[in-house]
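Listed here are the chains, written in short residue letters.
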Amino acid sequence: MARDLTPGQLEAISVIERTGSVFSLLGCVFVILTFIFSKAFRKPINRLVFYASFGNMMTNVGTLMSREYVTQLDSFACQFQGFLIQMFMPADAFWTLAMAFNVYLTFYHKFDAARLRKMEIWYLLLCYGIPFVPALTYVFVKTENSGRMYGNATLWCWVSSGWDVFRIATFYGPVWVVILVTMFIYIRTGGEIYKKRKQLRSFGASSSAHDPEPLTMDDPYSVKTTEVTVTSESAEEGPNGIDLAPLGRFTTQKKTAYSVTISSDTKGPSKPQQADFSLPIQSNVPPTPSTARARGRIQKRRANFEANNAAWSYSKCAFLFFTALLVTWIPSSANRVYGVVNSNDVSAPLEIMSAIVLPLQGFWNTLIYVATSWEAVRVLFLDLWARTSGRSPEPSQYGGDHNDKRNFAFRLSSRTSRKDIESESITELTNSGRTSNSNHDVKGQAI
């Protein structure tokens, strides 16, 4: 096999393999460290990438060794390299299937983040357990005619050409079964995904008025108090009274009127303000159960919108991983088919393409991981830059409306909120670090 390639081509293959392996290793280290030390990265889709990154790292340990030991078939290094390639390289495809299966569970069985997390132990056992059996067995297989099972496979030590059928049966065959099953799942859920996406667009176009208003923050270093005084003196009813019926308030009293005085006092180093005013409020509020029902429908519709939006975003991420899977395995599979059809020949372009794509599994996964967690990544690097340079970043660098220290401080606190970052609800399947504004109740306290 390798004798059909020139020494220059073999050297180029080694350089390509090691270069790609370094990029993938760095990416895997980034994924593992950010996932462990920052809650902002712990989305359910990223949890599976975290588990897959350990397999990617072990694969890259093997690909970094490259062709160093292909002539030392009985050495521990060659057998260990063959074991790493056989076990961990196809495991990446199994993790992509796990992501697709999560999409299926999300759309058809309404799994939320908590229930998806319970599936992870099974994913770990299957994704790493299935390839472990043949990978370990091949270490001990050796015959007089074909020699050791792990041997010179051109790119590295792996299943040698004398055992070609096992390359298909226990490596490329299972990988393509996984690819086809994953494709079937996406085709099966494609109609449902399209319908949910259409609902989201319709909701955004017609029901934006029901979205919660954004939370505006005043200076966190001052205290703003609102005092409400209600007196029971009789106030004259008139056309300027405010009817509370549309707000869904109910009372059994008869048209008792109130005079409400509201005073606002801002205590702080800047912009002291005081304001007092009175307004008559008439409390003749007939029961309106239809108002409560309407509010319930709006809240339910909003909840459905959030759930569908989360499921749609999760599906997009999982499909990106499937695309990376195809990029990885189509060239290498074409190379293997060419080798089976032309047993006495080797294609230098296909070998080089395989050397490019196979070590980059961890790199592709890292790119998608960064893309789906971009806001968290950006904030992380801004914080690192601030610590290394000794200067605080401008609040506007954090994006959004953080143009002063008030919103800047609010953003920092939101990044550490467990409720906002690691919710067990389906609406948090693709939590991007946004601050939830829909569940804030105004109570009689300092705000």
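Look a little higher up for the structure.
Basis of the calculations
Residues numbered from 1 in each chain as written. Predicted model: local features only at pLDDT ≥ 70, side-chain atom pairs only at ≥ 80, totals over all residues. Heavy atoms only, no water. Helix = DSSP H or I, 4+ residues; strand = E, 2+ residues; numbered from the N terminus. Buried < 20%, exposed > 50% of the residue type's maximum accessible area, 1.4 Å probe, protein only. Contact = heavy atoms within 4.5 Å. Areas by Shrake-Rupley, 256 points an atom, 1.4 Å probe, with all protein chains shown as cover. Phe/Tyr/Trp six-rings, centres within 6.5 Å; stacked < 30°, edge-to-face > 60°. Salt bridge = Lys/Arg side-chain N within 4 Å of Asp/Glu carboxyl O. Polar contact = N/O pair within 3.5 Å; in protein donor to acceptor, adjacent residues only side chain to side chain. Disulfide = S-S within 2.5 Å. Core = buried A, V, L, I, M, F, W, Y, C linked by side-chain atoms within 4.5 Å. Axes fitted to C-alpha atoms, helices over the stretch in contact; angles between N-to-C directions. Parallel < 35°, antiparallel > 145°, perpendicular 65-115°, else oblique. Left-handed = near helix turned anticlockwise from the far one by under 90°. Expected span 1.5 Å × (residues − 1). Patch = residues over 30% accessible without salt bridge, like charges linked within 9 Å, V, L, I, M, F, W, Y side chains within 5 Å.

### Let's talk about the overall build of the protein chain
Thought 1: When you go through the protein chain residue by residue, the secondary structure sums to 13 helices and seven strands.
Thought 2: Expressed as a percentage of its 447 residues, the buried residues of the protein chain come to 42%.
Thought 3: Sequence separation of 24 or more characterises 74% of the internal contacts of the protein chain that already satisfy a separation of 6 or more.
Thought 4: Entry remark: accessible area of the protein chain is about 24300 Å², with carbon and sulfur atoms responsible for 61%.

### Description of the packing of aromatic side chains
For any pair of aromatic rings, geometry is given as the distance between the ring centres together with the angle between the planes.
Thought 1: In the structure shown here, the tally under the stated rule is 27 aromatic pairs.
Thought 2: Each ring, one from Phe 319 and one from Phe 322, has its centre 6.1 Å from the other, and the planes form 40°; the classification is tilted. Taken as a pair, Phe 319 and Phe 322 lie in helix H8 (residues 289-341) at a separation of three residues, close to a single helical turn.
Thought 3: Here the aromatic residues Phe 35, Phe 50, Tyr 51, Phe 54, Phe 88, Trp 95 and Tyr 128 are joined through ring pairs into a cluster of three or more.

### Re the environment of Leu 105
Thought 1: Its location among the elements puts Leu 105 in helix H4 (residues 91-108).
Thought 2: Taking relative accessible area as the criterion, Leu 105 reaches 7% and is therefore assigned buried.
Thought 3: Once you skip the residues sitting within four places of it in the chain, Leu 105 turns out to touch Lys 110, Phe 111, Leu 116, Met 119 and Tyr 123.

### Description of the pattern of salt bridges
Where charged atoms from two side chains of opposite charge approach closely, those side chains can pair.
Thought 1: The final tally for this structure, using the stated rule, is five salt bridges.
Thought 2: Arg 47 is the partner of Glu 120 in a salt bridge, and the nearest nitrogen-oxygen pair spans 2.6 Å. On the criterion of sequence distance, the pair formed by Glu 120 in helix H6 (residues 120-137) and Arg 47 in helix H2 (residues 44-65) is long-range, its members being 73 residues apart.
Thought 3: The class for Glu 120 is buried, based on a relative accessible area of 6%.
Thought 4: What makes Arg 47 buried here is its relative accessible area of 13%.
Thought 5: The salt bridge involving Arg 378 is made with Glu 375; its shortest N-O contact spans 3.3 Å. Of the two residues, Arg 378 and Glu 375 both sit in helix H11 (residues 374-389), three residues apart, roughly one turn of that helix.

### Section: the environment of Thr 106
Thought 1: Along the chain, Thr 106 falls in helix H4.
Thought 2: When the C-alpha atoms of Thr 106 and Ser 315 are compared, they prove to be 9.2 Å apart, with 209 residues separating the residues in sequence.
Thought 3: At 2.7 Å, the side chain of Thr 106 and the backbone oxygen of Asn 102 are in polar contact.

### A closer look at the state of the cysteines
Thought 1: For the coordinates displayed, the defined rule picks out one disulfide.
Thought 2: What pairs with Cys 78 in a disulfide is Cys 157, and their sulfur atoms sit 2.2 Å apart. Measuring handedness by torsion sign, the sulfur bridge of Cys 78 and Cys 157 sits at about -105° and is left-handed. You can see Cys 78 sitting in helix H3 (residues 76-88) and its partner Cys 157 sitting in strand S4 (residues 157-159), a full 79 residues away along the chain.

### Here we look at the nonpolar core
Thought 1: Judged by nonpolar contacts, the single largest core of 70 residues is most densely connected at Trp 95, Tyr 150, Trp 158 and Trp 329.
Thought 2: The leading source of residues in this core is H4, at 10 residues.
Thought 3: Here Trp 95 is in contact with Leu 48, Tyr 51, Ala 52, Tyr 123, Leu 124, Cys 127 and Tyr 128, once residues within four sequence places are set aside.

### Focus: the environment of Asn 365
Thought 1: Along the chain, Asn 365 turns up in helix H10 (residues 361-372).
Thought 2: It is 8.8 Å that separates the C-alpha atoms of Asn 365 and Ala 52, two residues lying 313 residues apart in sequence.
Thought 3: If sequence neighbours within four positions are ignored, Asn 365 has contacts with Val 49, Asn 56, Asp 92 and Phe 321.

### A few points about the packing of helix H1 (residues 7-37) against helix H9 (residues 348-357)
Thought 1: Where H1 contacts H9, the axes come no closer than 8 Å and their chain directions differ by 20°. As judged from the angle between their axes, H1 and H9 are roughly parallel. Of the two possible hands of crossing, H1 and H9 adopt the one that is right-handed. In this structure, H1 contributes Gln 9, Ile 13, Ile 16 and Glu 17 to the contact, and H9 contributes Ala 348, Glu 351, Ile 352, Ala 355 and Ile 356.

### Comments concerning H10
Helical periodicity: at 3.6 residues per turn, an α-helix aligns residues three or four positions apart in one direction.
Thought 1: Here H10 spans 17 Å end to end across 12 residues, near enough to the 16 Å set by a 1.5 Å rise per residue.
Thought 2: When H10 is considered as a whole, its buried residues turn out to be Gln 361, Gly 362, Asn 365, Thr 366, Ile 368, Tyr 369, Val 370 and Thr 372.

### Considering the packing of H4 against H6
Thought 1: Packing of H4 against H6 leaves a shortest axis separation of 9 Å and a crossing angle of 150°. Between H4 and H6, the interaxial angle falls into the category roughly antiparallel. Crossing geometry of H4 relative to H6 is assigned as right-handed. The segment H4 lies against H6, with Ala 91, Phe 94, Trp 95, Ala 98, Phe 101, Asn 102 and Leu 105 engaging Tyr 123, Leu 124, Leu 126, Cys 127, Tyr 128, Ile 130 and Pro 131.

### Points about a nonpolar patch on the surface
Thought 1: A surface patch of nonpolar side chains, amounting to about 390 Å² of accessible area, comprises Val 29, Leu 33, Ile 36 and Phe 37.
Thought 2: Here Phe 37 shows up in helix H1.

### Observations regarding the side chain of Ser 14
Thought 1: Along the chain, the position of Ser 14 falls in helix H1.
Thought 2: Within the structure, the side chain of Ser 14 is placed 3.3 Å from the side chain of Ser 66, a separation counted as a polar contact.
Thought 3: Setting aside residues no more than four positions away along its own chain, Ser 14 makes contact with Ser 66 and Arg 67.

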